[in-house]
Amino acid sequence: MARLVVISNRVTLPSDRSGSTGGLAVGLRDALRRHSGVWFGWSGKVADATSTSARIEKAGRVSYATIDLGRVDLAQYYNGYANSTLWPLLHYRLGLIEFTSETYDGYKRVNAAMARALVPLLKPDDLVWVHDYHLIPLGAELRGFGVANRIGFFLHTPFPAMEVLEALPRYEGLLSAMSAYDQVGFQTENDLRAFRDCILHLCNGDTSDGEALTAFGRTFRAGVFPIGIDAAEFAETAAAAVALPDASRLKASLVGRSLIIGVDRLDYSKGLPNRFAAFDQLLARRDDQRGRVTFMQIAPRSRSDVPQYRELRRRLEQVAGRINGRFADPDWTPLRYLNKGFPRRTLAAFYRIARVGLVTPLRDGMNLVAKEYVAAQDPADPGILVLSRFAGAARELDAALLVNPFDIDEIADALARALAMPIAERRERWAAMMEAVQSNSIGNWRDRFLDALQAQARVADLAPTL
Ligand code: GDG
């Protein structure tokens, strides 16, 4: 079996025992163990200058190869172009996009530096799998160094509609960089369709069957590979974790009230202000809910060096304070807003205790929290998921209460409906969702993508076209 080389912005080192490893990190680590290979990326450390070679840490059959980033590079590549230009663009937030030549150059420079540090670690038969928007140009940079391996790219975020992408100065560079891969993967059909439109209409590209695309002098494939979770493992974790002290304390603190739970990185794509407004509206309009429901929003801080994220935090603190100031009783705090992370098993137990999972991103590539919430439920007495139609997960979880995350009234109504839903309907909806979550595991996702990549011819095996 070919070795697998995974490249992502951040590498989760085996020494990370924080218990906060996300599902994706677990899935990638598992794939690497099965194939043996290398996980390459940023160490998370900042130095005066970006490393020119990787530091290697070995654990079993996997080598973890990391580089430190220089201060200026980090500011321009990560906080700058990746998170202040591409992230808002990919989430349809044109008004938030900041574009400067400096950050664009920094983004390209860091991708080139990563390629330079990676090349000496590659063997000719390695399957190379690049992840996410931080690293779009990496494949083209590797090709520039003569790397002829099969190289795949998976985009975890949405891919925007053509008219949105066109707003990005020099967007052609991104599309041409994506055509340097052999296999490009997206979360949903929508994303693939949008990408195909861009290749066909903005780049004079061509397609024979909708998946094989030709542009910029290369032929490559693009497909849909929705990411999943290990549902059985998550269900087991949740069932066992409800007995832990953290879970018992939460349950006791509710004194019989229903719990609504939200779990999201503190990010403007996750729709938190509208979600808070919907809860406010539920309490304002429905006397019967006052004192009977608690909403707990877990929102660990993320990207705090980007001003828009700090601004979002300020705004949410104000709204949370207003809601509690308006509705709280001496023995009831309606909204519990926690800016910190929890170990994975604690989260799993919290999901299981919650009667409603509230997942209302304005746009989301997939949203794993939605799938985790479903997997964590007690089959005998499952909770109900209220889910944004603009999360990739809505494609598979259509038995959730689907809402438009811009429509506060609709979210508030869905909350009221979820809180009052009879057990028979909850069970029926949950069974349909659980089947969807189980049938598309993280293992399926990984295997489908790698099989598709493996099926491509290596660049070196192709007959010369001249
Ligand atoms: C990107 C795309 C796509 C959250 N808080 C804690 C914690 N988490 C975990 C969740 C979940 C993960 O983080 C978040 O995944 P999401 O999918 O919801 O969102 P993004 O971080 O934006 O991920 C997204 C994903 O990539 C995968 O392709 O679905 O669309 O934006 O697993 O449980 N985990 C722990 N403590 C926390 O406090 N342990």
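All values reported here derive from a predicted model rather than from experimental measurement.

### Comments concerning the nonpolar core
And then number 1: In this structure, Leu86, Phe159, Leu175 and Phe195 are the most contacted members of the largest nonpolar core, which totals 99 residues.
And then number 2: Among the elements that make up this core, the one with the highest residue count is helix 2 (residues 71-90) (nine residues).
And then number 3: If you count residues domain by domain, this core takes at least three from each of domain 1 (4-228 + 443-458) and domain 2 (231-439).
And then number 4: Beyond its immediate stretch of four places on either side in the chain, Leu175 contacts Phe159, Leu165, Phe195, Cys198, Ile199, Leu202, Cys203 and Phe216.
And then number 5: Formed by 68 residues, the second largest nonpolar core is a distinct cluster that contains Ala2, Ala241, Tyr373 and Leu387.

### Details of the site of the ligand
And then number 1: Near the ligand, the surroundings consist of 24 residues, among which His156, Phe342, Asp364, Leu368 and Glu372 are the closest.
And then number 2: One nitrogen or oxygen atom from the side chain of Arg265 is found 2.9 Å from an oxygen atom belonging to the ligand.
And then number 3: Take Lys270: an N or O atom from its side chain is 3.0 Å from an oxygen atom of the ligand.
And then number 4: Sorting the residues of the shell around the ligand by element identifies helix 12 (344-353) and helix 13 (368-375) as the ones contributing at least two each.
And then number 5: When grouped by side-chain class, the residues that make up the shell around the ligand number 11 nonpolar, eight polar and five charged.

### Topic: the domain arrangement of the protein
And then number 1: With domains assigned, the protein is organised as domain 1 (4-228 + 443-458) and domain 2 (231-439).
And then number 2: Taking the mean C-alpha position of each, domain 1 and domain 2 sit 30 Å from one another.
And then number 3: In this assembly, 26 residues from domain 1 lie in contact with 22 residues from domain 2.
And then number 4: Counting the surface lost from both domain 1 and domain 2, the interface buries some 2000 Å², and carbon and sulfur atoms represent 55% of this.

### Some words on empty space enclosed by the protein
One water molecule sets the probe size; rolling that probe over the atoms shows where empty space is left.
And then number 1: Overall, the coordinates contain one cavity of 30 Å³ or more when judged by the stated rule.
And then number 2: Taken as a whole, the largest cavity holds about 30 Å³ of empty space.
And then number 3: Lining the largest cavity we find Ile261, Gly262, Val263, Tyr351, Gly357, Leu358, Val359, Val369 and Tyr373.
And then number 4: Elements with a minimum of two residues in the lining of the largest cavity: strand 11 (258-263), strand 14 (356-359) and helix 13.
And then number 5: Looking at side-chain class alone, the lining of the largest cavity contains seven nonpolar, two polar and no charged residues.

### Some remarks on helix 11 (residues 307-327)
And then number 1: The terminal C-alpha atoms of helix 11 lie 31 Å apart, and with 21 residues this matches the ideal 30 Å at 1.5 Å per residue to within 8%.
And then number 2: Of all the residues in helix 11, the buried ones are Gln308, Tyr309, Leu312, Leu316, Val319, Ala320, Ile323, Asn324 and Phe327. Within helix 11, the buried residues cover an arc of 130 degrees as seen down the axis, which keeps them to one side. Exposed residues on helix 11 whose side chains face more than 90 degrees from its buried face are Gln318, Arg322 and Gly325.
And then number 3: The elements touched by buried residues of helix 11 are helix 2, helix 10 (272-285) and strand 13 (335-338).

### Regarding the sheet that holds strand 10 (residues 218-224)
And then number 1: With mixed pairing, 10 strands are arranged side by side in an open sheet as 3-4-2-1-5-6-7-10-9-8. With partners counted over all chains shown, the strands left at the sheet margins are strand 3 (55-59) and strand 8 (206-207), one partner each.
And then number 2: Here two bridges tie strand 8 to strand 9 (residues 212-215), and the two strands are oriented antiparallel to one another. Its bridge partner lying in strand 9, Asp206 is registered against Thr214.

### So, the pattern of salt bridges
And then number 1: All chains considered together, the criterion is met by 27 salt bridges.
And then number 2: Measuring nitrogen to oxygen at the nearest pair gives 3.1 Å for the salt bridge that ties Arg218 to Asp182. With Arg218 in strand 10 and Asp182 in the loop between helix 6 (171-178) and strand 7 (183-186), this pair connects stretches of sequence that are 36 residues apart. Summarising the burial analysis for this pair, Arg218 and Asp182 share the class buried.
And then number 3: One salt bridge in this structure joins Arg286 and Asp288, with 3.4 Å as the shortest N-O distance.

### A closer look at unusual backbone geometry
And then number 1: Even without glycine at this site, Arg170 takes up a positive phi of about 60 degrees.
And then number 2: Note that Arg170 resides in the loop between helix 5 (162-165) and helix 6.
And then number 3: Of note, the phi angle at Asn367 is positive, near 95 degrees, even though the residue is not glycine.
And then number 4: Inspection of the secondary structure assignment puts Asn367 in the loop between strand 14 and helix 13.

### What about the layout of surface pockets?
And then number 1: Here the second largest pocket is characterised by a volume of approximately 360 Å³.
And then number 2: Every element with two or more residues in the lining of the second largest pocket is listed here: helix 5 and helix 7 (189-202).
And then number 3: With five residues, the single largest contributor to the lining of the second largest pocket is helix 7.
And then number 4: Class assignment of the residues belonging to the lining of the second largest pocket gives a composition of nine nonpolar, four polar and eight charged.
And then number 5: Here the lining of the second largest pocket spans two domains, since at least three of its residues come from each of domain 1 (4-228 + 443-458) and domain 2 (231-439).

Thresholds, definitions, all that
- Residues numbered from 1 in each chain as written.
- Predicted model: local features only at pLDDT ≥ 70, side-chain atom pairs only at ≥ 80, totals over all residues.
- Heavy atoms only, no water.
- Core = buried A, V, L, I, M, F, W, Y, C linked by side-chain atoms within 4.5 Å.
- Buried < 20%, exposed > 50% of the residue type's maximum accessible area, 1.4 Å probe, protein only.
- Helix = DSSP H or I, 4+ residues; strand = E, 2+ residues; numbered from the N terminus.
- Domains from an automatic or database assignment.
- Contact = heavy atoms within 4.5 Å.
- Near = heavy atom within 4 Å.
- Polar contact = N/O pair within 3.5 Å; in protein donor to acceptor, adjacent residues only side chain to side chain.
- Nonpolar A, V, L, I, M, F, W, Y, C, P; charged D, E, K, R; others polar.
- Buried area = accessible area lost by both parts, 1.4 Å probe.
- 1 Å grid on protein atoms, 1.4 Å probe; cavity = no way out; pocket = protein on both sides within 12 Å on 5 of 7 lines; lining within 4 Å.
- Points joined across faces, edges and corners; volume = space filled by probe spheres on them.
- Expected span 1.5 Å × (residues − 1).
- Arc of directions from axis to C-beta.
- Pairing = 2+ DSSP bridges.
- Salt bridge = Lys/Arg side-chain N within 4 Å of Asp/Glu carboxyl O.

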